[in-house]
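# Understanding the architecture of this molecule
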Amino acid sequence: MSQYIERYQRRKLISSYFSVVLSIGLVLFLLGALGLLVLNTKKLGDHFKEQITISVFLKDSAKPVEIDQLQKSLALAEYTKSAEYISKEDAAEQYSEDIGENFVEFLGYNPLKNSIDVHLKADFVSPEQITEIAEGIAEKTYVDEVSYDKPLIELLNDNARKIGLWILVASIIFTVIAVLLINSSIRLSIYSKRFIIKTMQMVGATKKFIRRPFIWTNIKLGMIGALVALISLGILLYYLNKNFPELNLLDDYPILILLFVGVFGLGVAISWASTHFATQRFLNLRTDHLYY
């Protein structure tokens, strides 16, 4: 009978520890994922901004040397990420593939123009700067037209600011929720041992002596939960970097190390604080209040 009770108590203890580790690991993983999103909000915004293209359409009278000079000057400009020359023949071939028929044969001529597609750096993607850049390019006598999607640029800039603000607000709210969830999980674990705490106190043990084993146990559980969260974050980072290499998520090693250290430290800090205050609460309760 005593062996059965001992095994039951051991299983109950392991189950309690497992639930604490799982809750800490899950909450810290979600918090770390949100932190990863917060740290890369600008990078994500820049990625979408750099998909914006300015199309420079050239006159048929433009000489090859003029086209070559313009492409080189645009490629070397401070606002340019890349500049690609597209001949009217290549443009017609691509357009024919898109619509599923050869429109050149139907029309009898190629109405498209030679062009240079300019991809801008993210810092220069704003309505004012792009207007200035487009006007400067349009001054060339052999440039027929400079085209870009102005409404899309305005929408992209507005949404980038709004998304950044909401992500910051969500991260603050979720951090508070994470602290409360981990605190509740540890408090429940301590609550199941409230009679042990009070018994130790009644036989003369000091509050510091009683708190110490509970604090160390839950700090270890917090460290294990944080490690689980960090391993999960590492897997998530690997998956995102493999499927979205253009974001270069693994390039900012100092930021990633800071994030991982922050998640680990938060797990330890919350575990220590929650255990300290939970045990202190039961130490200060009267014995008859332990049943409520």
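Residues numbered from 1 in each chain as written. Predicted model: local features only at pLDDT ≥ 70, side-chain atom pairs only at ≥ 80, totals over all residues. Heavy atoms only, no water.

### Considering the UniProt feature "transmembrane region" (unreviewed entry) in the protein
- Using the residue numbers shown here, the UniProt feature "transmembrane region" (unreviewed entry) corresponds to residues 20–39, 163–186, 221–241 and 253–273.
- Across residues 20–39, helical content stands at 100% and strand content at 0%; the span's end C-alpha atoms are separated by 28 Å.
- Taken as a whole, residues 253–273 contains 100% helix and 0% strand, while its terminal C-alpha atoms sit 30 Å from one another. (UniProt positions renumbered as here; feature names shortened; annotations may be inferred. Helix = DSSP H or I, 4+ residues; strand = E, 2+ residues; numbered from the N terminus.)

### With respect to the nonpolar core
- Ranked by size, the top nonpolar core spans 28 residues in total, and within it Leu28, Ile182 and Val263 carry the most contacts.
- Of all the secondary-structure elements, those providing two or more residues to this core are α1 (2–39), α7 (150–191), α9 (207–243) and α10 (253–284).
- Here this core gets eight residues from one element, more than from any other, and that element is α9.
- If we ignore the near neighbours within four places in the chain, the residues touching Val263 are Leu28, Gly32, Ala226, Ala229, Leu230 and Leu233.
- Counting residues in each nonpolar core, the second largest holds 24 residues, with Ile52, Leu74, Ala83 and Ile137 among its members. (Core = buried A, V, L, I, M, F, W, Y, C linked by side-chain atoms within 4.5 Å. Buried < 20%, exposed > 50% of the residue type's maximum accessible area, 1.4 Å probe, protein only. Contact = heavy atoms within 4.5 Å.)

### A short note on a nonpolar patch on the surface
- On the surface, Leu165, Trp166, Val169, Ile173, Ile177 and Leu181 cluster together into a nonpolar patch covering about 600 Å² of accessible area.
- Secondary-structure assignment places Val169 in helix α7.
- Residue classification places Val169 among the partly exposed positions, given a relative accessible area of 32%. (Patch = residues over 30% accessible without salt bridge, like charges linked within 9 Å, V, L, I, M, F, W, Y side chains within 5 Å. Areas by Shrake-Rupley, 256 points an atom, 1.4 Å probe, with all protein chains shown as cover. Salt bridge = Lys/Arg side-chain N within 4 Å of Asp/Glu carboxyl O.)

### Observations regarding helix α8 (residues 194–202)
- Here α8 has its buried residues at Arg194, Ile197 and Lys198. When α8 is viewed along its axis, its buried side chains cluster within an angular range of 95 degrees and face the same direction.
- At the C-terminal side of α8, Gly204 shows a positive phi close to 105 degrees. (Arc of directions from axis to C-beta.)

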